[in-house]
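Each chain, letter by letter, is given below.
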Amino acid sequence: MRQIIVTIALLIGLFFSLIVLASGMSDWRLPDNQQGYSPPQPISYSHRLHAGELGIDCRFCHTAAAHGQHAGIPSTDVCMKCHKYVTSSFGALQDELTKADEEKRKPKMIVSDELQKLYDTLGLEDPRTPNPDGDAKSIPWVKIHNLPDFVSFDHSAHVTAGVECQKCHGPVESMERVRQFESLSMGWCINCHRESPEKGINGHAVNASLNCSVCHH
Amino acid sequence: MNSKPTNQNELSHFGTRNSVPVGPILQGNEALGINRRRFLEAAGFTFTLAALNGCSRPEAELALPLVDQPEGLIPGQTQSYASTCAGCPAACGLLVGVRDGRPLKMEGMPEHPLSKGGLCAVGQALPLGLYDSHRLQYPLQHGEQSDWKKLDQQIRQTLDSIADSDGAVRFVTPTITSPTLQASINGFLKRFKDARHITFDSVSSSAILDAHEKTHGSRLLPHYLLDKAKLIVSFGADFLGTWISPVEFTAAWRVGRVPTEEHPVMSYHVHFEGQMSLTGSNADRRYRVAPDEYGTVLNHLYLQLAERSGQSPNREGVAGSPVPEADLSALADRLWDARGKSVILCDSQDVAVQVVVNTINHLLGNYGTTLDIARPSRQRQGNDRQVLKLIDDLNAGTVSALFVAGTDLTHNLPDRDKLAEAISRVRLVVSMAEREDDFASLAHFVCPDQHPLESWMDAEPISGLVSLSQPLLQPLGETRSILESLARWSGSEDSEYDILRSSWEKNILPRVDAGAFREFWDQAVHDGFVDVKPVETTVGEFKTAAVSLAPGATTTGDYCLTLYSRIGLTDSRHAHNPWLQELPDPVTKVTWDIYVCLSPTTAEKLKLTNGDVVRVKTGDDGLSIELPALVQRGQHDRVISIALGYGVKGTDRFANIGPQWFEGRPTVEKGELVGKNAAPLIIKGDATLQFVRSDVSISPTGQHRELASTQEYHSLEIPRNVAPHGAEVRDIVQLTTLPAFARNPESGKAELHFDPEVQLWADDHPQENHSWGMTIDLNICTGCSACLVACQSENNVPVVGKDEVRRQREMHWLRIDRYYAGDDDDVHVSHQPMMCQHCDNAPCETVCPVLATVHSNEGLNEQVYNRCVGTRYCANNCPYKVRRFNWFEYPHEDSVLNLALNPDVAVRSRGVMEKCSMCVQRIEEAKIDAKRRGEPVADGDIKMACQQSCPAQAIVFGDLNDTASNVYAEQENPRRYGVLEEFNFQQSVSYLRVVRNRDDIQQEDGGEHV
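Residues numbered from 1 in each chain as written. Chains lettered and ligands numbered in written order. Predicted model: local features only at pLDDT ≥ 70, side-chain atom pairs only at ≥ 80, totals over all residues.

Draft legend 1. The overall build of chain B, seen in detail. Of regular secondary structure, chain B possesses 30 helices and 44 strands. Taking 30 Å as the expected radius of gyration for a compact globule of 1010 residues, we find that chain B reaches 30 Å, a close match to that expectation. Taken over the C-alpha atoms alone, chain B extends approximately 100 × 75 × 70 Å along its principal axes. Within chain B, the fraction of its 1010 residues that count as buried is 52%. Sequence-distant contacts, at least 24 apart, represent 74% of the contacts inside chain B between residues at least 6 apart. (Helix = DSSP H or I, 4+ residues; strand = E, 2+ residues; numbered from the N terminus. Rg over C-alpha atoms; globule rule 2.2 N^0.38 Å. Buried ≥ 20, exposed ≤ 12 C-beta atoms within 10 Å, placed from the backbone. Contact = placed C-beta atoms within 7 Å.)

Draft legend 2. Spatial organisation of the overall build of chain A. Helix and strand counts for chain A come out as nine helices and one strand. The C-alpha atoms of chain A give 24 Å as radius of gyration, which overshoots the globular expectation for 217 residues (17 Å, by more than 25%). With the principal axes as the frame, chain A shows a C-alpha extent of 75 × 70 × 35 Å. When the 217 residues of chain A are sorted by exposure, 16% land in the buried category. The long-range share in chain A, meaning contacts at least 24 apart out of those at least 6 apart in sequence, stands at 60%.

Draft legend 3. Representation of the sheet that holds strand β3 (residues 93-99) of chain B within the structure. Residues and elements named next belong to chain B. Strand order across the open sheet formed by three strands is β2-β3-β4, with antiparallel pairing between neighbours. Both outer strands of the open sheet, β2 (78-84) and β4 (102-108), are each paired with one neighbouring strand and no more. Going across the sheet, the axis of each strand differs from the next one's by a mean of 30°, ignoring polarity. (Pairing = 2+ DSSP bridges. Axes fitted to C-alpha atoms, helices over the stretch in contact; angles between N-to-C directions.)

Draft legend 4. Just unusual backbone geometry, in detail. The phi dihedral of N202 of chain A falls on the positive side, at around 50°, and the residue is not glycine. Even without being glycine, M918 of chain B reaches a positive phi, approximately 55°.

Draft legend 5. Spatial organisation of the pairing of strand β18 (residues 457-462) of chain B. All names here are of chain B. For β18, the tally of buried residues reaches six of six residues, placing the bulk of the element in the interior. Note that β18 and strand β19 (residues 465-469) share four bridges and pair antiparallel. Paired with I462 across the bridge in β19 is L465. Counting the residues between successive antiparallel strands, the hairpin from β18 to β19 contains two residues, one of them, G464, with a positive phi of roughly 100°.

Draft legend 6. Layout of the environment of N997 of chain B. All names here are of chain B. Among the secondary structure elements, N997 is positioned in the segment after β44 (994-996). Measuring from C-alpha to C-alpha, the distance between N997 and V532 comes to 38 Å, with 465 residues separating the pair along the chain. In contact with N997, not counting residues within four places along its chain, are M266, Y268, D284 and L738.

Draft legend 7. Representation of the interface of chain B and chain A. Contact residues are listed per partner, giving 37 residues for chain B and 39 residues for chain A. A total of six residues in the side of chain B that touches chain A trace back to one element, the largest contributor, which is helix α28 (residues 920-933) of chain B. A breakdown of the residues in the side of chain B that touches chain A according to their chemical character gives 18 nonpolar, ten polar and nine charged. Here strand β1 (residues 141-142) of chain A runs beside strand β1 (residues 62-63) of chain B; their pairing, made up of two bridges, is antiparallel. Across the sheet, residue V142 of chain A finds its bridge partner in β1 of chain B, namely L62 of chain B. (Nonpolar A, V, L, I, M, F, W, Y, C, P; charged D, E, K, R; others polar.)

Draft legend 8. Layout of the domain arrangement of chain B. Splitting chain B by domain gives domain 1 (3-53), domain 2 (81-130), domain 3 (140-203 + 383-531), domain 4 (227-377) and domain 5 (559-709). Relative to domain 4 of chain B, the C-alpha centre of domain 3 of chain B lies at a distance of 37 Å. (Domains from an automatic or database assignment.)

Draft legend 9. Spatial organisation of the pairing of strand β41 (residues 955-959) of chain B. All names here are of chain B. Counting buried positions over the five residues of β41 gives five, a clear majority of the element. In terms of strand pairing, strand β34 (residues 772-777) meets β41 through five bridges, oriented antiparallel. Along β41, the bridge assignment pairs W772 with D959.

Draft legend 10. How the structure looks around the nonpolar core. Counting residues in hydrophobic clusters, the biggest one holds 265 residues, and the most contacted among them are A121, L298, I360, L561, V596 and I640 of chain B. Among all residues touching L561 of chain B, those that are not within four sequence positions of it are V616, I640, I642, L681, V692, R693 and V696 of chain B. (Core = buried A, V, L, I, M, F, W, Y, C linked by C-beta atoms within 7 Å.)

Draft legend 11. Broad picture of the sheet that holds strand β8 (residues 194-199) of chain B. Residues and elements named next belong to chain B. The strand order across the open sheet built from seven strands is β6-β5-β17-β16-β15-β7-β8, with neighbouring strands paired in mixed fashion. On the outer flanks of this sheet lie β6 (144-145) and β8, each paired with one strand and no other. Pairing geometry for strand β15 (residues 399-404) and strand β16 (residues 428-431), over four bridges, is parallel. Bridge pairing in β16 places L402 opposite V429.

Draft legend 12. How the structure looks around the packing of helix α8 (residues 206-216) of chain B against helix α13 (residues 351-363) of chain B. All names here are of chain B. The interhelical angle for the contact between α8 and α13, taken along N-to-C directions, is 60°, at an axis separation of 8 Å. Relative to α13, the element α8 is oriented oblique. Note that α8 runs across α13; the crossing there is right-handed. Between α8 and α13, the residues in contact are A207, I208, D210, A211, H212, K214 and T215 and V351, Q354, V355 and N358, respectively. Tallied by class, residues from the contact of α8 with α13 come to five nonpolar, four polar and two charged. (Parallel < 35°, antiparallel > 145°, perpendicular 65-115°, else oblique. Left-handed = near helix turned anticlockwise from the far one by under 90°.)

Draft legend 13. Spotlight on the environment of V631 of chain B. Residues and elements named next belong to chain B. Topologically, V631 is positioned in strand β25 (residues 624-631). Note on V631: 21 C-beta atoms within 10 Å, which makes it buried. Placed 32 residues apart in sequence, V631 and S599 show a C-alpha to C-alpha distance of 5.6 Å. What V631 contacts, discounting residues up to four positions off in sequence, is L598, P600, A603, T609 and N610.

Draft legend 14. Layout of the confidence of the model for chain B. With 95% of its residues at a pLDDT of 70 or more, chain B shows a mean pLDDT of 88. Low confidence marks residues 1-30 of chain B, where pLDDT is under 50. Its contacts with residues over four positions away, or in another chain, come to 38 contacts. (pLDDT = per-residue confidence, 0-100.)

Draft legend 15. Examining the packing of helix α18 (residues 482-489) of chain B against helix α19 (residues 496-508) of chain B more closely. Residues and elements named next belong to chain B. Between α18 and α19, the shortest axis-to-axis distance is 8 Å and the interhelical angle comes to 90°. If you check the angle between α18 and α19, you find them roughly perpendicular. Contact residues: L483, E484 and A487 in α18; E496, I499 and L500 in α19. Grouping the constituent residues of the contact of α18 with α19 by class yields four nonpolar, no polar and two charged.

Below, the structure is given as structure tokens:
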């Protein structure tokens, strides 16, 4: 009898630990493999909406991709090019207009929660009035694609060669929250560097080096 | 990995349950209740947990973009700004590489008319001074933190009352080349009745200026145009190392030092000196003369030349020459033939000696050709007479206010304690030091000046050449530019930018034919310098009445002591810079310490070897200093020399620089500083500060202090007992003489006993795209070591500290080997930069078990840090000994210094081999840049860090596949050779043979050595 109780207790224990393990497993990787990493960001900016639905070119915001080693995260003033005027979703604005029409009043300014966070980083109360005394801060985006320190990667070299952004970053235009699509491991890099001189990129002949020092210096 | 702490936690858990302490378990004591098996179980479990731990996500890293990105700024790309180096008053042109708002890499400005793209070690090391948390971050009042407002108010109040009572105000600075700062100081001092600006150079050239006052009626320093000189005769002036403007002089000296097949001509460089200086080591003919005998030699030279000019000077009372008469007569002949194309330089602080120098230069017609006095140099303005007067005034207690900026007055002058006592009686003492130096600790107020990279300033090193320096980042502390401090005390609220701009509009603009100020200013900021009309100087005719022979030497002691400034440190200003402290002295190769140089004969006489501590005693004033001895080839037997600029307050901070381990010794012993201050030995002469004194005796103390030297072998001669065919000289540095070179450009070439066609490996690694190569012209390489610090800055080479250097574990990727040959009266010195030779048949590559060092298809020998497991086989197999092993992590002692790291180069961790990568990050950047432009990489697009800094432009780098490239042309140079070529390593780096301009040495056209 006692043995059975112990066995049952152990099985229950095992069951729970397996559940804990299984849920934890989803976050487990081999060291340094960050594939699928998709941390929450301080502002839930949607690439699906901007790059997908609205069709804004990647390089409209990531301006340095063709000019320097970092593609660059857009500075807040780039966001404000549009969001000085666009303060909420079209639906919410429409609703407010209808409501104001019904109530026979001037429509109020509608600011969505996420955009309010953007204005907060700039120290703005009202998106249209710049506040000279406002304490503007950088938006603390969480880095997703993070290569080890001993690797150098230059965006402009790849963009100039005609490599599409999606080749490494995946279909970002369909991602609500960006995740690391590829493993970005050395083997994965080398594969492309081996294949592309043979196959070319978009019909262009390219010269991808296999020298170690191209990336490791 | 955190396996170790977890392991211990786990064990202590077991420990509490069984009430067993952890310690004994580890010793395997089974009687204590835990057996070996359970211990292993527990250990295995913890290791597994620890391993699984590694599979979790690393901590999230933030990416913070700018709020408002300036136009044209590309993250991660270097932008160059034109500026002016403020490391010394030479004011070389600077291109500051700024990346993401951080100034990182100092480069010479190729367009600059003086420095021509070169930059010395001090200039290269500027960023380390910038990112130094030991710099003062706020103003001090009586040693306590203060704020500017309160401090300004108090200084102004005191100044008002001093002005009312007609008190004496003294403002001490080193040489100021800045017209704006000079005007500001003058403006500030205007309101006081008894005010004086005193220029105090810690290593001064006051005697040259005083001599010109006597001979030309104007206290000026000529601008020496060494590029126009076919014959350079120097008396102790270390113009390639530390004298006045070494980078400019090296660039100019180089012009006459490149003989070609078609034009086998070189300038002739004769050097007289007592100690072995860098310049002396590069001379064609070097004579050992004690510095107190320069006057005698110059007298003889003058008499010889005067006779040739048809005069019959009075020879009475002239002492016998220490240099053979025949040699002097031959030199006089050559000088006479090279009239107007020669130059005599002298660093003596004896005005009478400098008058003789001027007379000779005048006699030879050099004024107006090689010495420009119409546009004189302003790089040394020190006026020792004023300094001596100031000391008297201070001692007499007649000074009411003392301001000191840019120099450490009490550190750099003798009689420190008496001076400090006198200063304590001054009513207002203000220091504008960057750090709390010795004088600052005596000052009532310390108003820290900004670092030159943080502030606006201008400079006029040569009359008519005005340059600008601009701030490249926000000041890192609550510091304030001296221009602003002076403005505040004069009652103005202007910013330094406004002060500088208005000064330029008022004073500089009228000196050019420019239209609107705005365009002129913008262009000047862009270019970094402008040519303007020189300031009118009233230079009189040469006054023959001033001509008199120099008095003979009056020696009272056994030895003659020379105090000199060391390359890299110059004076106390740069003592806080670990790159410069670890920079091996180009001649002695010693780092991190001060020493007394003495000749081998003297050392033998006193039975001294390197590191034996000796007591140096002076005659009248009875001072003494105890320092380790260093036996120096080429040193005059009666001359001992000690460097200035050591023993600087606060350098005890370096005690723990370098790795801390059980056998490690501190770089600075407890209670000590880096070196000792030799300034107390300076003599206050009648008119000048004297750095040479003849009343010195030395005695051994019996103690020993090991010196950390980077080179322990000094000759390429194989010792007789190990040489296979008798005594031989190895062909590492190949030499020839000019006459032999003229007969046969390949003279001096070593015979090669191998057939380069015979290969051990199949030739199946074509270098189709590029084949990078380098040549170094040993004939113009002076060994100045600018490249060494440039490499350190570019490649994140760590500082290891004195103890590690002593163990031959310094990390410099580039070293400069220095070899001696010949006898001590006529010693030949060779300097050879040595770094990875990037062999195509590399011995290191074949022995690496993990393929961490491999060959690229562009001819580079690559070191892959993340693959390296640290077997060190490669270093053992490298015949050039250029590989460096990271025995430890070498973090900066000051974490702020991490801001100076180059983000393009990995910081290597412990257990990894490293070496010169041929600045592969620069190659890659240039290739990508060319790709973006859609053009091939052009010759000259890529410059190695060492090449860029080289004041002599001795280094050429390029693509050997490009037949139009400079480096390809250099391969065809008849002087080209490879080091250890006979092993057929097929190096990518080759050297150009040294050519000595000597006709008194027999050089056979074949391979015999000098």
